[in-house]
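This is what each chain is made of:
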Amino acid sequence: MYAAAAHLIQTEKGREALLGLEAFFDWGMSLDAGNARACLTLLEGFFGAWTGSAVDAVRESAAKTG
């Protein structure tokens, strides 16, 4: 875990991602199991074979939250 985090600080994009992860982790610690699984599913899809679908699903659902 520490090596992965240290890897991210080597580039500007990586540092930005690390800061985003920090904010997500701070917020995500209070998620119940079902919501945590949903987040994991979206992340797996995004970094796997379903990148476009994950992005579309998040954006469309987020737009509905107002």
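See the structure printed just above.
Residues numbered from 1 in each chain as written. Predicted model: local features only at pLDDT ≥ 70, side-chain atom pairs only at ≥ 80, totals over all residues. Heavy atoms only, no water.

## Some details on the overall build of the protein
The secondary structure content of the protein amounts to 4 helices and 0 strands. Sequence-ordered secondary structure for the protein, helices as α and strands as β, is α-α-α-α. Taken over the C-alpha atoms alone, the protein extends approximately 35 × 25 × 25 Å along its principal axes. The buried share of the protein, reckoned over its 66 residues, is 8%. For the protein, the accessible surface area stands at approximately 5700 Å², while carbon and sulfur atoms represent 65% of it. (Helix = DSSP H or I, 4+ residues; strand = E, 2+ residues; numbered from the N terminus. Buried < 20%, exposed > 50% of the residue type's maximum accessible area, 1.4 Å probe, protein only. Areas by Shrake-Rupley, 256 points an atom, 1.4 Å probe, with all protein chains shown as cover.)

## Considering the pattern of salt bridges
Scanning all chains against the criterion turns up 1 salt bridge. The salt bridge involving R15 is made with E12; its shortest N-O contact spans 2.9 Å. One end of the pair, R15, and the other, E12, are both in helix 2 (residues 12–28), 3 residues apart, so they sit about a helical turn from each other. Judged by its relative accessible area of 47%, E12 falls in the partly exposed class. (Salt bridge = Lys/Arg side-chain N within 4 Å of Asp/Glu carboxyl O.)

## Describing the packing of aromatic side chains
Applying the stated criterion across every chain, the model contains 3 aromatic pairs. Measuring from ring centre to ring centre gives 6.0 Å for F24 and W27, while their planes differ by 40°; the resulting arrangement is tilted. In this pair, F24 and W27 are both assigned in helix 2, 3 residues apart and thus about one turn of the helix distant. Measuring from ring centre to ring centre gives 4.8 Å for F46 and F47, while their planes differ by 85°; the resulting arrangement is edge-to-face. On the accessibility criterion, F47 (67% relative accessible area) is exposed. Aromatic rings pair up to connect F24, F25 and W27 into one cluster. (Phe/Tyr/Trp six-rings, centres within 6.5 Å; stacked < 30°, edge-to-face > 60°.)

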